[in-house]
Amino acid sequence: MIRWMGKQAKYARLHTAKAKQSKQEQPNPHASQSSERLKLPPPETVQTSLDLNERHLREILGENDSILCRRFQLGTGPKRAVLLVSITGITDKKTVNEGVISPIMKAELPTDGTNVLTFMRESVLAVMDIGDSDEFSFIVGLVLQGNVAVFVEGETRALLIPAGAWKSRAIDQPVSETVIRGPRDSFVEDLNINLSLLRKRIHHPQLRLETSIVGTMTQTKVVMVYVEGIVDEAVVEEVRKRISKIKVDMVIESGYIEQHIEDAPFSIFPTIANTEKPDITAARILEGRVAIFVDGTPIVLTLPDLLISHFQVSEDYYARPFYSSLVRLLRILSFLTTTMLPGLFVAVQYYHPVLIPYSLLVSLSKSREGVPFQLYIEVILMILVFEVIREAGVRMPRPIGQAVSIVGAIILGQSAVEAGLVGIPVVVVVAFAGISTFLINSLAEPISILRLLFALAGSTLGIYGILLLGMIVVTHLATLRSFGVPYASPLFPLKWGDWKDAIFRFPLKSLWHRPQTLNPENYRRIKQGGESNGKKQKKE
C-alpha cells in the first residue's frame, strides 16, 4: 500500500512538470509587441542607436509633456543625427538655443579622424563645464537637475551640459537673526548663491568644498566646507564618514542631515549649531569648525558646537567689549531665569514661605483669593498658554502674527485675571520668564522643556527638587560631546585660555588664538604684537 502511494505521488509530480513545460513552450499571442524589446540587451549604458536611447530614457522618466526630446542634424556638409534631452521648466531656453543647438547645427564635421564628442566639446559648444558619461543612471540624474544631455548617432557616450534655470529668492535680511550693527544679508535656498556669499568673505586658497549627494529620491547636494590647515582633520574625517552613512530617500532641509549625524539624538540640547547669516558661518569656519550647506534651504549647519556659543552673537565682536560683555552676561542670567523662575516661584510659596518677606507674602496670598486652582496648576497652565501664543505668532502670517502675539497675550492675560482664573503674580512671573527666552533664540526648544520640568520639580520637592534637576542637567551637559569636543567647554573641562571669550569678551587684540577646545591645527590667529599671522604654526 505504501509503495503504491509513493508511485502515485511520483507520477503526479512528473505529470505536473510536463504540463508546466508544455505551457511554457506554447506561443503567447499577446507577447508580440514586447518580444522585440525583451531581445534587446539591457541598455544600462548609452547605445549607438538614438532610437534605443530615446526609448530607454522615456521608460525611465515616463511619458509626460515635461520631457523634451529634440532631434536635429550635426554639421552643414556630412551630417550626423543628434538627440537633445532636457526637462522643460528647469532649463534655460536661451542657453540651450544659443549655446547648444545653434552651434551644433552650424558646425562642420572633422575630417581628420577626431572624435565627434571631443570636437563638439572643444570647438563647437559655447558652454562652460561640459561633462560626458555612458551610464544612463548618471545621465538621468543630471538631466533631472537641469542639465541637457546630447546624444550623437554612432557614439556610446553622451555630453552633459549645465543649463539650469532655477528660480531663487533674492538675498534679503535675516528673519530669525536680526542685527543692529553688522552685515544684513542672509542665505537663500540656492546652494550656489550661498557658497558665493561665503567666498565673498573668505578668499583663502585653502578653503575646501566637498560635495556629496544624499537622498535616493531627492538627490540633494550636501557641501562640507572647511579651511584646510585650521580645522582639526579628525573632525573633518568624522563628518565625512557620518554623511556617507546616511541612507535615506529624501533630504528636504538641513534638519534631516543634522538629525542623522548628531552625537546625542535623545538629548534636548542641540549639539550642531545652525545659522542663516554668512558672516557668522565665515567666523565659525575660521575658528576651526566645519560648515554643512544643503541645497534648497537657507539654514547652514556648523560643528562642533559648544554650549557657550549659544550666548554669543555676531554683534559681540562688532562693538566694544564692555557693553558686549554686559549683554552676554544678561543672556546667561536670562537663561537661568527663564528656565528656573516659575519653578522657584512655586517652590518658595509651597515649601519655603519663610524666605519671602511678610508683606510680600500677604500680598501674594491676597492675589490668590477666589482662584479655583492650585498654584502649580496655575503656573503650568500659564506656561502652556504662553507657548501656544508664541507658536501661533510664529506660524501665522506676519501682520496677523504680531497682533496675536502682542495684543492677544495682553488681552488674554488681563481677561484671565479679571475672571479669577489666575493671579496677577503668576502672570507676571510667567511673562517675564517667557520674554527672557527671546534673548537666546537658538536654545528656545530646550528652554521650553526645561521650564516645564523645573516647574514640576519645584511643585513636588521644592528647592531641593530644583537643585536635584539642576545637578542632572549640569551632569548631562558635562558628558555631552559634539564630534569629540566637550559640549560644555571651557567650563567642563576647564580651558583657561578660552575664558577670554566665554562669559566676558576681552578686546579683540587679546583674542590672539583660536578656541583651544576645537583643537585647531593653526592655533594662533593674531601675533601678540598685533600683526596678522597667515602662516601655519604649532600649537602651544
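See the structure shown above.
Residues numbered from 1 in each chain as written. Predicted model: local features only at pLDDT ≥ 70, side-chain atom pairs only at ≥ 80, totals over all residues. Heavy atoms only, no water.

(A) Region of interest: the overall build of the chain. Helix and strand content of the chain: 17 helices and twelve strands. Counting only residues that meet the buried cut, the chain has 44% of its 540 residues in that class. Within the chain, counting contacts between residues at least 6 apart in sequence, those at least 24 apart form 63% of the total. For the chain, the exposed area adds up to about 30200 Å²; of that, 60% sits on carbon and sulfur atoms. (Helix = DSSP H or I, 4+ residues; strand = E, 2+ residues; numbered from the N terminus. Buried < 20%, exposed > 50% of the residue type's maximum accessible area, 1.4 Å probe, protein only. Contact = heavy atoms within 4.5 Å. Areas by Shrake-Rupley, 256 points an atom, 1.4 Å probe, with all protein chains shown as cover.)

(B) Fine view of the sheet that holds strand S2 (residues 80-87). Read across the sheet, five strands follow the order S1-S2-S4-S5-S3 without closing on themselves; strand pairing throughout is antiparallel. Each edge of the open sheet is held by one strand with a lone partner, namely strand S1 (67-74) and strand S3 (131-133). The mean inter-strand angle of the sheet, taken between neighbouring strand axes irrespective of direction, is 25°. With four bridges connecting them, S2 and strand S4 (residues 147-152) associate as antiparallel partners. Following the sheet pairing, Leu-84 is matched in S4 by Val-150. Across the sheet, helix H6 (residues 136-143) lies against S2, S3, S4 and strand S5 (158-162), angled at about 140° from S4, the strand it touches most. (Pairing = 2+ DSSP bridges. Axes fitted to C-alpha atoms, helices over the stretch in contact; angles between N-to-C directions.)

(C) Geometry of the packing of helix H11 (residues 321-351) against helix H16 (residues 444-461). Contact pair H11 / H16: the axes reach a minimum separation of 8 Å and the direction vectors enclose 15°. In terms of orientation, H11 and H16 fall into the roughly parallel class. H11 and H16 meet at a crossing whose hand is right-handed. Residue-level inspection shows Phe-335, Thr-338, Thr-339, Met-340, Pro-342, Gly-343, Val-346, Ala-347, Tyr-350 and Tyr-351 of H11 in contact with H16, the latter providing Ile-447, Leu-450, Arg-451, Phe-454, Ala-455, Gly-458, Ser-459, Thr-460 and Leu-461. Its residues placed into classes, the contact of H11 with H16 shows twelve nonpolar, six polar and one charged. (Parallel < 35°, antiparallel > 145°, perpendicular 65-115°, else oblique. Left-handed = near helix turned anticlockwise from the far one by under 90°. Nonpolar A, V, L, I, M, F, W, Y, C, P; charged D, E, K, R; others polar.)

(D) How the structure looks around the side chain of Arg-451. Along the chain, Arg-451 turns up in helix H16. By relative accessible area, Arg-451 is classed as buried at 2%. Among the polar contacts made by the side chain of Arg-451, one reaches the side chain of Thr-338 at a distance of 2.8 Å. In contact with Arg-451, other than residues within four places in its own chain, are Thr-338, Thr-339, Pro-342, Ile-383, Glu-387, Ala-433, Gly-434 and Thr-437. (Polar contact = N/O pair within 3.5 Å; in protein donor to acceptor, adjacent residues only side chain to side chain.)

(E) Inspection of the pattern of salt bridges at higher detail. Inspection of every chain in the model, using the stated rule, returns 22 salt bridges. Here Arg-240 and Glu-210 are joined by a salt bridge, their closest N and O atoms 2.8 Å apart. Note that Arg-240 is positioned in helix H8 (residues 233-244) and Glu-210 in strand S6 (residues 207-214), a separation of 30 residues in sequence. Between Glu-238 and Lys-241 there is a salt bridge; the shortest N-O distance is 3.5 Å. A residue pair is termed a helical-turn pair when its members lie 3 or 4 positions apart in one helix, as Glu-238 and Lys-241 do in helix H8 at three residues. The class of Glu-238 is partly exposed, set by a relative accessible area of 23%. Residue Lys-241 is classed as partly exposed on the basis of its relative accessible area, which comes to 39%. Residues joined in a network through salt bridges with shared partners are Asp-51, Glu-54, Arg-58 and Arg-71. (Salt bridge = Lys/Arg side-chain N within 4 Å of Asp/Glu carboxyl O.)

(F) Main features of the sheet that holds strand S7 (residues 220-227). Judged by pairing direction, the sheet is antiparallel, and its five strands sit side by side in the order S6-S7-S9-S10-S8 without closing on themselves. In this open sheet, the two strands that pair with only one neighbour each are S6 and strand S8 (273-275). Adjacent strand axes in the sheet meet at a mean angle of 25°, parallel and antiparallel pairs treated alike. Of the strand pairs in this sheet, strand S9 (residues 290-294) and strand S10 (residues 300-303) are connected by three bridges, and their pairing is antiparallel. Bridge pairing in S10 places Val-290 opposite Leu-303. In this fold helix H7 (residues 191-199) packs onto S6, S7 and S9, with an angle of close to 10° to the strand it touches most, S7.

(G) Examining unusual backbone geometry more closely. Ser-489 connects to Pro-490 through a cis peptide bond whose omega is 10°. With respect to the helices, strands and loops of the structure, Pro-490 is situated in the segment after strand S12 (485-486). With omega at -5°, the peptide bond leading from Phe-492 into Pro-493 counts as cis. Structurally, the position occupied by Pro-493 is in the segment after S12. Phi angles above zero are rare outside glycine, and Asn-519 is one such case at about 55°. Tracing the backbone through its elements, the reader meets Asn-519 in the segment after S12. Here Asn-519 falls in the partly exposed class, since its relative accessible area comes to 32%.

(H) A look at the pairing of S2. Where burial is concerned, most of S2 is hidden: six out of the eight residues are buried. Pairing analysis gives eight bridges linking S1 to S2, with the strands arranged antiparallel. Looking across to S2, one finds that Gln-73 is bridged to Ala-81. Count of turn residues in the S1/S2 antiparallel hairpin: five residues, of which Gly-75 carries a positive phi of about 100°.

(I) Local environment of the packing of aromatic side chains. This structure, assessed with the given rule, holds seven aromatic pairs. With 5.7 Å between their ring centres and 80° between their planes, Phe-311 and Phe-335 make a pair best called edge-to-face. A residue pair is termed long-range when its members are at least 10 positions apart, and Phe-311 in the loop between S10 and H11 and Phe-335 in helix H11 qualify at 24 residues. Grouping residues by exposure puts Phe-311 and Phe-335 together as buried. Following the ring pairs from residue to residue traces out a cluster consisting of Tyr-350, Tyr-351 and Tyr-376. (Phe/Tyr/Trp six-rings, centres within 6.5 Å; stacked < 30°, edge-to-face > 60°.)

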